[in-house]
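Chain and residue survey
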Amino acid sequence: MRVLVVNAGSSSLKCQLIETDGKVSLMKCLAEKVGKDDAYMSISFAPDFQKSTYSVSGLSVPECLKRLLDILVDDPESPISGLGQIDAIGNRIVAGGEYFSKAALIDEAAREKLDLCEDLAPLHNPPADACIDMMRSIMPDTPQVAVFDTAFHTTMPPKAYVYPLPMEYYEKYKIRRYGAHGTSHRYAAQQAANLLGRPLRDLGLITCHLGNGGSITAVNHGKSIDTSMGFTPLEGLMMGTRSGSIDPAILTYIMRREGISFDEMDSVLNRESGILGVSGVSADMRDVLDAVKAGNEQAELAIDMYVYRIQKTIGGYYAAMTRTDAVVMTAGIGENSAELRERIFDGLAHMGMILDKKRNDVTGEIGVNRIISIDDSPIKICVVTTDEEMRIARETSDLVSQMM
Ligand code: AMP
(Lines give C-alpha, C1' and ligand atoms only; values in the text may rest on other atoms or scores of the structure.)
Protein backbone atom coordinates (compact mmCIF):
# COMPACT_ATOMS: atom_id res chain seq x y z
CA MET A 1 0.00 0.00 0.00
CA ARG A 2 1.23 3.52 -0.84
CA VAL A 3 0.72 5.78 2.18
CA LEU A 4 1.30 9.52 2.25
CA VAL A 5 2.41 10.32 5.81
CA VAL A 6 1.62 13.89 6.87
CA ASN A 7 3.34 15.26 9.98
CA ALA A 8 2.21 18.88 10.36
CA GLY A 9 3.69 21.17 13.00
CA SER A 10 3.07 24.77 13.92
CA SER A 11 5.64 26.06 11.43
CA SER A 12 6.79 22.90 9.70
CA LEU A 13 5.53 20.08 7.53
CA LYS A 14 7.21 16.69 7.19
CA CYS A 15 5.83 14.21 4.68
CA GLN A 16 6.86 10.90 3.21
CA LEU A 17 5.33 8.67 0.58
CA ILE A 18 5.89 5.14 1.83
CA GLU A 19 5.36 1.78 0.13
CA THR A 20 4.41 -0.24 3.18
CA ASP A 21 4.75 -3.71 1.61
CA GLY A 22 8.48 -3.25 1.00
CA LYS A 23 8.85 -0.70 3.85
CA VAL A 24 10.49 1.75 1.46
CA SER A 25 10.26 5.49 1.24
CA LEU A 26 9.51 6.87 -2.24
CA MET A 27 9.48 10.59 -1.44
CA LYS A 28 10.56 12.81 1.43
CA CYS A 29 9.50 16.38 2.02
CA LEU A 30 10.37 18.92 4.68
CA ALA A 31 8.97 22.45 4.87
CA GLU A 32 10.42 24.73 7.53
CA LYS A 33 9.87 28.27 8.82
CA VAL A 34 6.34 28.05 7.41
CA GLY A 35 4.56 31.39 7.72
CA LYS A 36 7.81 33.34 7.49
CA ASP A 37 9.22 35.14 4.44
CA ASP A 38 12.14 32.72 4.13
CA ALA A 39 9.97 29.58 4.36
CA TYR A 40 11.19 26.79 2.10
CA MET A 41 10.25 23.25 1.18
CA SER A 42 12.72 20.57 0.14
CA ILE A 43 11.50 17.51 -1.74
CA SER A 44 13.44 14.44 -2.79
CA PHE A 45 12.57 11.21 -4.56
CA ALA A 46 13.86 7.66 -4.37
CA PRO A 47 16.29 6.18 -5.16
CA ASP A 48 18.96 8.88 -4.74
CA PHE A 49 16.94 11.45 -2.72
CA GLN A 50 18.55 14.48 -4.36
CA LYS A 51 16.85 17.48 -2.81
CA SER A 52 15.05 20.19 -4.79
CA THR A 53 14.20 23.27 -2.78
CA TYR A 54 11.18 25.54 -3.34
CA SER A 55 10.23 28.82 -1.70
CA VAL A 56 6.91 28.55 0.15
CA SER A 57 6.95 32.12 1.42
CA GLY A 58 3.52 33.28 2.55
CA LEU A 59 1.91 29.82 2.41
CA SER A 60 0.18 28.17 5.38
CA VAL A 61 0.94 24.55 6.40
CA PRO A 62 -2.02 23.07 4.40
CA GLU A 63 -1.09 25.27 1.43
CA CYS A 64 2.43 23.80 1.53
CA LEU A 65 0.85 20.34 1.46
CA LYS A 66 -1.22 21.31 -1.58
CA ARG A 67 1.96 22.59 -3.27
CA LEU A 68 3.65 19.26 -2.52
CA LEU A 69 0.74 17.38 -4.15
CA ASP A 70 1.02 19.54 -7.27
CA ILE A 71 4.76 18.81 -7.48
CA LEU A 72 4.14 15.09 -6.90
CA VAL A 73 1.79 15.00 -9.87
CA ASP A 74 3.88 17.22 -12.18
CA ASP A 75 7.53 16.34 -11.50
CA PRO A 76 8.88 13.80 -14.01
CA GLU A 77 11.06 12.28 -11.25
CA SER A 78 8.04 11.70 -9.00
CA PRO A 79 7.10 8.07 -8.25
CA ILE A 80 3.44 8.87 -9.02
CA SER A 81 1.69 10.66 -11.86
CA GLY A 82 -1.74 11.08 -10.31
CA LEU A 83 -3.17 11.44 -6.81
CA GLY A 84 -5.19 8.25 -7.39
CA GLN A 85 -1.92 6.35 -6.90
CA ILE A 86 -1.89 7.30 -3.22
CA ASP A 87 -3.84 4.55 -1.39
CA ALA A 88 -4.14 6.13 2.06
CA ILE A 89 -3.07 9.13 4.11
CA GLY A 90 -1.59 8.76 7.60
CA ASN A 91 -1.74 11.89 9.74
CA ARG A 92 0.36 12.35 12.87
CA ILE A 93 -1.75 14.03 15.55
CA VAL A 94 -0.03 15.22 18.73
CA ALA A 95 -3.01 15.20 21.10
CA GLY A 96 -5.92 12.76 21.06
CA GLY A 97 -7.09 13.61 24.58
CA GLU A 98 -9.31 11.04 26.21
CA TYR A 99 -11.12 10.46 22.92
CA PHE A 100 -8.60 8.30 21.08
CA SER A 101 -6.86 5.29 22.58
CA LYS A 102 -5.60 4.04 19.22
CA ALA A 103 -5.20 5.10 15.61
CA ALA A 104 -8.53 6.02 14.02
CA LEU A 105 -10.00 6.12 10.54
CA ILE A 106 -11.15 9.70 9.96
CA ASP A 107 -14.90 9.67 9.39
CA GLU A 108 -17.36 12.42 10.35
CA ALA A 109 -17.49 11.33 14.02
CA ALA A 110 -13.70 11.15 14.37
CA ARG A 111 -13.30 14.52 12.65
CA GLU A 112 -15.71 16.11 15.16
CA LYS A 113 -13.74 14.62 18.06
CA LEU A 114 -10.51 16.01 16.60
CA ASP A 115 -11.97 19.51 16.96
CA LEU A 116 -12.43 18.87 20.69
CA CYS A 117 -8.70 18.01 21.03
CA GLU A 118 -7.41 21.23 19.48
CA ASP A 119 -7.10 23.07 22.80
CA LEU A 120 -4.83 20.32 24.14
CA ALA A 121 -2.10 21.02 21.58
CA PRO A 122 -2.94 24.48 20.23
CA LEU A 123 0.28 24.76 18.22
CA HIS A 124 0.18 21.32 16.62
CA ASN A 125 -3.37 19.98 16.32
CA PRO A 126 -5.00 22.87 14.37
CA PRO A 127 -2.54 22.77 11.41
CA ALA A 128 -2.80 18.96 11.32
CA ASP A 129 -6.62 19.17 11.27
CA ALA A 130 -6.43 21.81 8.54
CA CYS A 131 -4.28 19.41 6.46
CA ILE A 132 -6.86 16.63 6.97
CA ASP A 133 -9.65 18.94 5.75
CA MET A 134 -7.64 20.05 2.74
CA MET A 135 -6.90 16.44 1.77
CA ARG A 136 -10.55 15.45 2.27
CA SER A 137 -11.61 18.22 -0.13
CA ILE A 138 -9.25 17.20 -2.93
CA MET A 139 -9.06 13.41 -2.34
CA PRO A 140 -12.47 12.63 -0.78
CA ASP A 141 -12.32 8.91 -1.59
CA THR A 142 -8.85 8.24 -0.17
CA PRO A 143 -8.99 6.87 3.39
CA GLN A 144 -7.31 9.00 6.03
CA VAL A 145 -6.07 7.76 9.38
CA ALA A 146 -5.07 9.75 12.47
CA VAL A 147 -2.16 8.32 14.49
CA PHE A 148 -1.87 9.90 17.93
CA ASP A 149 1.21 10.67 20.03
CA THR A 150 -0.93 10.23 23.15
CA ALA A 151 -2.74 6.98 22.28
CA PHE A 152 -0.17 4.59 23.78
CA HIS A 153 -0.43 6.34 27.15
CA THR A 154 -4.19 5.99 27.58
CA THR A 155 -3.48 2.88 29.70
CA MET A 156 -1.92 5.00 32.48
CA PRO A 157 -3.78 4.62 35.79
CA PRO A 158 -5.39 7.68 37.43
CA LYS A 159 -2.63 7.87 40.05
CA ALA A 160 -0.20 8.55 37.20
CA TYR A 161 -2.32 10.92 35.15
CA VAL A 162 -4.28 13.04 37.65
CA TYR A 163 -2.51 16.21 38.83
CA PRO A 164 -2.73 17.17 42.48
CA LEU A 165 -4.91 20.20 41.65
CA PRO A 166 -8.56 20.79 42.59
CA MET A 167 -10.48 18.09 40.68
CA GLU A 168 -12.73 20.73 39.12
CA TYR A 169 -9.94 21.53 36.62
CA TYR A 170 -9.83 17.94 35.47
CA GLU A 171 -13.60 17.83 35.25
CA LYS A 172 -14.00 21.21 33.52
CA TYR A 173 -10.94 21.28 31.26
CA LYS A 174 -9.62 17.71 31.23
CA ILE A 175 -6.33 18.91 32.69
CA ARG A 176 -4.44 15.67 33.24
CA ARG A 177 -1.26 14.01 32.04
CA TYR A 178 -1.49 12.67 28.48
CA GLY A 179 2.16 12.02 27.61
CA ALA A 180 3.60 12.14 24.10
CA HIS A 181 5.98 10.26 21.73
CA GLY A 182 3.59 7.32 22.18
CA THR A 183 4.18 5.85 18.72
CA SER A 184 7.92 5.86 19.42
CA HIS A 185 7.63 4.30 22.90
CA ARG A 186 5.29 1.59 21.63
CA TYR A 187 7.64 0.77 18.76
CA ALA A 188 10.77 0.83 20.96
CA ALA A 189 9.12 -1.53 23.46
CA GLN A 190 8.12 -4.00 20.73
CA GLN A 191 11.58 -3.89 19.13
CA ALA A 192 13.22 -4.50 22.51
CA ALA A 193 10.94 -7.51 23.08
CA ASN A 194 12.03 -8.86 19.68
CA LEU A 195 15.70 -8.31 20.63
CA LEU A 196 15.21 -10.08 23.97
CA GLY A 197 13.30 -12.89 22.24
CA ARG A 198 10.42 -12.70 24.70
CA PRO A 199 6.77 -11.64 24.42
CA LEU A 200 6.19 -7.99 25.26
CA ARG A 201 3.39 -8.94 27.66
CA ASP A 202 5.95 -10.72 29.91
CA LEU A 203 8.35 -7.77 30.17
CA GLY A 204 8.92 -4.63 32.20
CA LEU A 205 10.66 -2.00 30.04
CA ILE A 206 11.78 1.58 30.50
CA THR A 207 11.80 3.24 27.08
CA CYS A 208 13.81 6.46 26.66
CA HIS A 209 13.04 8.65 23.64
CA LEU A 210 15.93 11.11 23.73
CA GLY A 211 15.85 13.51 20.80
CA ASN A 212 15.28 17.21 20.54
CA GLY A 213 12.24 16.53 22.68
CA GLY A 214 12.64 13.79 25.26
CA SER A 215 10.44 11.51 27.30
CA ILE A 216 10.73 8.28 29.26
CA THR A 217 7.96 5.70 29.67
CA ALA A 218 7.42 2.81 32.07
CA VAL A 219 6.05 -0.02 29.90
CA ASN A 220 4.74 -2.74 32.18
CA HIS A 221 3.60 -5.92 30.40
CA GLY A 222 3.31 -3.99 27.12
CA LYS A 223 1.26 -1.12 28.57
CA SER A 224 2.34 2.43 29.35
CA ILE A 225 1.79 2.91 33.09
CA ASP A 226 3.59 6.23 33.41
CA THR A 227 5.43 8.67 31.18
CA SER A 228 7.43 11.81 31.81
CA MET A 229 5.58 14.23 29.52
CA GLY A 230 2.29 15.50 30.90
CA PHE A 231 -0.60 17.77 29.92
CA THR A 232 1.74 19.11 27.24
CA PRO A 233 5.17 18.01 25.96
CA LEU A 234 6.79 20.57 28.31
CA GLU A 235 6.75 18.39 31.43
CA GLY A 236 9.47 15.95 32.43
CA LEU A 237 13.04 15.77 31.16
CA MET A 238 15.26 18.69 30.30
CA MET A 239 15.15 18.99 26.49
CA GLY A 240 16.81 20.88 23.62
CA THR A 241 14.95 24.14 24.24
CA ARG A 242 12.28 23.06 26.78
CA SER A 243 12.80 23.36 30.51
CA GLY A 244 11.00 20.15 31.46
CA SER A 245 9.66 20.04 35.02
CA ILE A 246 10.43 23.03 37.22
CA ASP A 247 8.81 24.54 40.31
CA PRO A 248 5.63 26.14 38.89
CA ALA A 249 5.99 29.09 41.29
CA ILE A 250 9.01 30.19 39.21
CA LEU A 251 6.66 31.19 36.39
CA THR A 252 4.67 33.77 38.31
CA TYR A 253 7.85 35.01 40.03
CA ILE A 254 9.67 35.66 36.74
CA MET A 255 6.58 37.14 35.11
CA ARG A 256 6.18 39.62 37.97
CA ARG A 257 9.87 40.52 38.20
CA GLU A 258 10.42 40.85 34.42
CA GLY A 259 6.95 42.20 33.63
CA ILE A 260 6.51 39.68 30.82
CA SER A 261 3.27 38.30 29.37
CA PHE A 262 1.89 34.73 29.43
CA ASP A 263 2.97 34.26 25.82
CA GLU A 264 6.48 35.52 26.51
CA MET A 265 6.80 33.19 29.51
CA ASP A 266 5.53 30.32 27.40
CA SER A 267 8.22 31.09 24.86
CA VAL A 268 10.94 31.19 27.55
CA LEU A 269 9.91 27.73 28.78
CA ASN A 270 9.44 26.13 25.35
CA ARG A 271 12.04 27.84 23.18
CA GLU A 272 14.78 29.38 25.31
CA SER A 273 15.33 26.91 28.16
CA GLY A 274 16.69 23.37 28.47
CA ILE A 275 20.09 22.53 26.97
CA LEU A 276 20.12 25.80 25.03
CA GLY A 277 19.21 27.94 28.03
CA VAL A 278 21.76 26.45 30.41
CA SER A 279 24.66 25.92 28.00
CA GLY A 280 24.17 29.19 26.14
CA VAL A 281 25.67 27.31 23.18
CA SER A 282 22.99 25.48 21.23
CA ALA A 283 19.96 23.21 21.52
CA ASP A 284 21.80 20.66 19.37
CA MET A 285 23.48 18.04 21.53
CA ARG A 286 26.41 17.63 19.13
CA ASP A 287 27.33 21.32 19.45
CA VAL A 288 27.07 21.15 23.23
CA LEU A 289 29.28 18.04 23.43
CA ASP A 290 31.85 19.83 21.25
CA ALA A 291 31.73 22.81 23.62
CA VAL A 292 32.35 20.47 26.57
CA LYS A 293 35.46 19.16 24.83
CA ALA A 294 36.61 22.76 24.36
CA GLY A 295 36.30 23.30 28.13
CA ASN A 296 33.02 25.25 28.25
CA GLU A 297 31.79 24.94 31.86
CA GLN A 298 28.20 25.98 31.16
CA ALA A 299 27.99 23.28 28.51
CA GLU A 300 29.34 20.73 31.03
CA LEU A 301 26.70 21.82 33.57
CA ALA A 302 23.95 21.47 30.95
CA ILE A 303 25.06 17.91 30.13
CA ASP A 304 25.36 17.02 33.83
CA MET A 305 21.82 18.23 34.48
CA TYR A 306 20.47 16.51 31.38
CA VAL A 307 22.01 13.18 32.41
CA TYR A 308 21.01 13.52 36.09
CA ARG A 309 17.36 14.12 35.25
CA ILE A 310 17.30 11.09 32.95
CA GLN A 311 18.90 8.93 35.67
CA LYS A 312 16.33 10.06 38.25
CA THR A 313 13.45 9.33 35.89
CA ILE A 314 14.77 5.86 35.05
CA GLY A 315 15.16 5.22 38.80
CA GLY A 316 11.61 6.43 39.45
CA TYR A 317 10.16 4.12 36.82
CA TYR A 318 12.17 1.19 38.16
CA ALA A 319 10.23 1.80 41.38
CA ALA A 320 6.92 2.21 39.53
CA MET A 321 7.06 -1.20 37.85
CA THR A 322 6.72 -4.73 39.17
CA ARG A 323 9.82 -5.80 37.21
CA THR A 324 12.42 -4.20 34.97
CA ASP A 325 13.96 -6.34 32.23
CA ALA A 326 15.49 -3.68 30.01
CA VAL A 327 16.06 0.00 29.41
CA VAL A 328 15.62 0.98 25.78
CA MET A 329 17.34 3.98 24.17
CA THR A 330 15.95 5.57 21.01
CA ALA A 331 15.76 8.84 18.93
CA GLY A 332 18.62 11.15 17.88
CA ILE A 333 20.57 11.22 21.14
CA GLY A 334 19.54 7.80 22.48
CA GLU A 335 20.53 6.08 19.24
CA ASN A 336 23.65 8.01 18.32
CA SER A 337 25.47 9.31 21.36
CA ALA A 338 27.65 6.62 22.93
CA GLU A 339 29.07 9.33 25.19
CA LEU A 340 25.72 10.26 26.70
CA ARG A 341 24.68 6.63 27.08
CA GLU A 342 27.91 6.01 28.97
CA ARG A 343 27.32 9.01 31.25
CA ILE A 344 23.74 7.90 31.95
CA PHE A 345 24.51 4.24 32.71
CA ASP A 346 27.68 4.99 34.69
CA GLY A 347 25.31 6.17 37.40
CA LEU A 348 22.89 3.25 37.15
CA ALA A 349 25.14 0.16 37.47
CA HIS A 350 24.10 -0.26 41.13
CA MET A 351 20.53 -0.81 39.90
CA GLY A 352 21.74 -3.67 37.70
CA MET A 353 21.99 -1.80 34.39
CA ILE A 354 25.57 -2.57 33.38
CA LEU A 355 26.82 -1.15 30.11
CA ASP A 356 29.34 -2.99 27.95
CA LYS A 357 31.54 -0.06 26.91
CA LYS A 358 32.79 -1.76 23.75
CA ARG A 359 29.30 -2.64 22.55
CA ASN A 360 28.16 0.87 23.43
CA ASP A 361 30.88 2.44 21.29
CA VAL A 362 29.93 0.62 18.12
CA THR A 363 27.83 2.89 15.92
CA GLY A 364 24.80 0.93 14.77
CA GLU A 365 23.69 0.85 11.18
CA ILE A 366 20.35 2.50 10.53
CA GLY A 367 17.62 0.04 11.39
CA VAL A 368 19.90 -2.37 13.27
CA ASN A 369 18.79 -2.74 16.87
CA ARG A 370 21.17 -4.13 19.48
CA ILE A 371 21.87 -4.95 23.12
CA ILE A 372 24.71 -2.90 24.64
CA SER A 373 24.80 -4.24 28.22
CA ILE A 374 27.20 -6.95 29.41
CA ASP A 375 25.94 -10.52 29.00
CA ASP A 376 25.03 -11.01 32.66
CA SER A 377 23.66 -7.55 33.32
CA PRO A 378 20.50 -8.18 35.40
CA ILE A 379 18.73 -5.47 33.39
CA LYS A 380 19.57 -5.27 29.69
CA ILE A 381 20.24 -2.04 27.84
CA CYS A 382 19.02 -1.87 24.23
CA VAL A 383 19.41 0.61 21.39
CA VAL A 384 16.54 0.78 18.93
CA THR A 385 16.32 2.88 15.76
CA THR A 386 13.15 4.87 15.45
CA ASP A 387 11.45 5.97 12.22
CA GLU A 388 8.30 7.87 13.04
CA GLU A 389 6.98 8.24 9.49
CA MET A 390 7.46 4.54 8.76
CA ARG A 391 5.55 3.62 11.92
CA ILE A 392 2.69 5.98 11.04
CA ALA A 393 2.56 4.42 7.56
CA ARG A 394 2.40 0.92 9.08
CA GLU A 395 -0.39 1.83 11.50
CA THR A 396 -2.29 3.49 8.65
CA SER A 397 -1.98 0.54 6.27
CA ASP A 398 -2.93 -1.92 9.05
CA LEU A 399 -6.11 -0.01 9.83
CA VAL A 400 -7.07 0.60 6.20
CA SER A 401 -6.45 -3.09 5.32
CA GLN A 402 -8.81 -4.13 8.11
CA MET A 403 -11.54 -1.94 6.58
CA MET A 404 -11.17 -3.42 3.08
P1 AMP B 1 15.75 13.90 17.02
O2 AMP B 1 14.82 14.93 17.60
O3 AMP B 1 15.37 12.50 17.36
O4 AMP B 1 15.99 14.10 15.54
O5 AMP B 1 17.18 14.14 17.72
C6 AMP B 1 17.87 15.34 17.55
C7 AMP B 1 18.99 15.41 18.58
O8 AMP B 1 19.86 14.28 18.43
C9 AMP B 1 19.84 16.66 18.44
O10 AMP B 1 20.09 17.22 19.71
C11 AMP B 1 21.13 16.09 17.87
O12 AMP B 1 22.25 16.85 18.25
C13 AMP B 1 21.18 14.74 18.53
N14 AMP B 1 22.15 13.85 17.88
C15 AMP B 1 22.09 13.30 16.65
N16 AMP B 1 23.23 12.58 16.40
C17 AMP B 1 24.02 12.70 17.50
C18 AMP B 1 25.31 12.20 17.89
N19 AMP B 1 26.02 11.43 17.07
N20 AMP B 1 25.78 12.54 19.10
C21 AMP B 1 25.07 13.32 19.93
N22 AMP B 1 23.85 13.81 19.64
C23 AMP B 1 23.33 13.51 18.45
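Residues numbered from 1 in each chain as written. Predicted model: local features only at pLDDT ≥ 70, side-chain atom pairs only at ≥ 80, totals over all residues. Heavy atoms only, no water.

Moving on, we get to the site of the ligand. What surrounds the ligand is the set Gly 211, Asn 212, Ala 283, Asp 284, Met 285, Arg 286, Leu 289, Ala 331, Gly 332, Ile 333, Asn 336 and Ser 337. Between the ligand and Arg 286, the relevant distance is 3.3 Å, taken from an oxygen atom to a main-chain nitrogen or oxygen of the residue. One nitrogen or oxygen atom from the main chain of Gly 332 is found 2.9 Å from an oxygen atom belonging to the ligand. In isolation the ligand exposes 500 Å². Once the protein is present, 70% of that is buried. Sorting the residues of the shell around the ligand by element identifies α10 (285-293) and α12 (331-336) as the ones contributing at least two each. By residue number, the principal contributor to the shell around the ligand is α12, which donates four residues. Tallied by class, residues from the shell around the ligand come to five nonpolar, five polar and two charged. (Near = heavy atom within 4 Å. Polar contact = N/O pair within 3.5 Å; in protein donor to acceptor, adjacent residues only side chain to side chain. Areas by Shrake-Rupley, 256 points an atom, 1.4 Å probe, with all protein chains shown as cover. Helix = DSSP H or I, 4+ residues; strand = E, 2+ residues; numbered from the N terminus. Nonpolar A, V, L, I, M, F, W, Y, C, P; charged D, E, K, R; others polar.)

Describing an aromatic ring pair means giving the distance of the ring centres and the angle of the ring planes. Under the counting rule described, the total for this entry stands at four aromatic pairs. Seen in terms of ring centroids, Phe 100 and Phe 148 are 4.3 Å apart; in terms of plane orientation they differ by 15°. Their pairing is stacked. With Phe 100 in the loop between β6 (88-93) and β7 (104-105) and Phe 148 in strand β8 (residues 144-148), the pair connects residues that are 48 residues apart, well separated along the chain. Across the pair, exposure class does not vary: Phe 100 and Phe 148 are buried alike. With a centroid separation of 6.3 Å and 40° between ring planes, the pair formed by Tyr 178 and Phe 231 is classed as tilted. Note that Tyr 178 is positioned in the loop between α5 (167-173) and α6 (182-196) and Phe 231 in the loop between β11 (223-227) and α7 (249-258), a separation of 53 residues in sequence. Stacked on the ring of Tyr 161, the Lys or Arg Arg 176 has its end atom at 3.7 Å from the ring centre. (Phe/Tyr/Trp six-rings, centres within 6.5 Å; stacked < 30°, edge-to-face > 60°. Buried < 20%, exposed > 50% of the residue type's maximum accessible area, 1.4 Å probe, protein only. Lys NZ or Arg CZ within 6 Å of the ring centre and 35° of its normal.)

Attention now goes to the pairing of strand β2 (residues 13-19). Successive side chains on a regular strand alternate, one facing one side of the sheet and the next facing the other. Most of β2 sits inside the fold, with six of its seven residues counted as buried. Sheet analysis places strand β1 (residues 2-8) next to β2, joined by seven bridges and oriented antiparallel. Within the sheet, the bridge partner assigned to Leu 4 lies in β2 and is Leu 17. Count of turn residues in the β2/strand β3 (residues 24-32) antiparallel hairpin: four residues, of which Lys 23 carries a positive phi of about 55°. (Pairing = 2+ DSSP bridges.)

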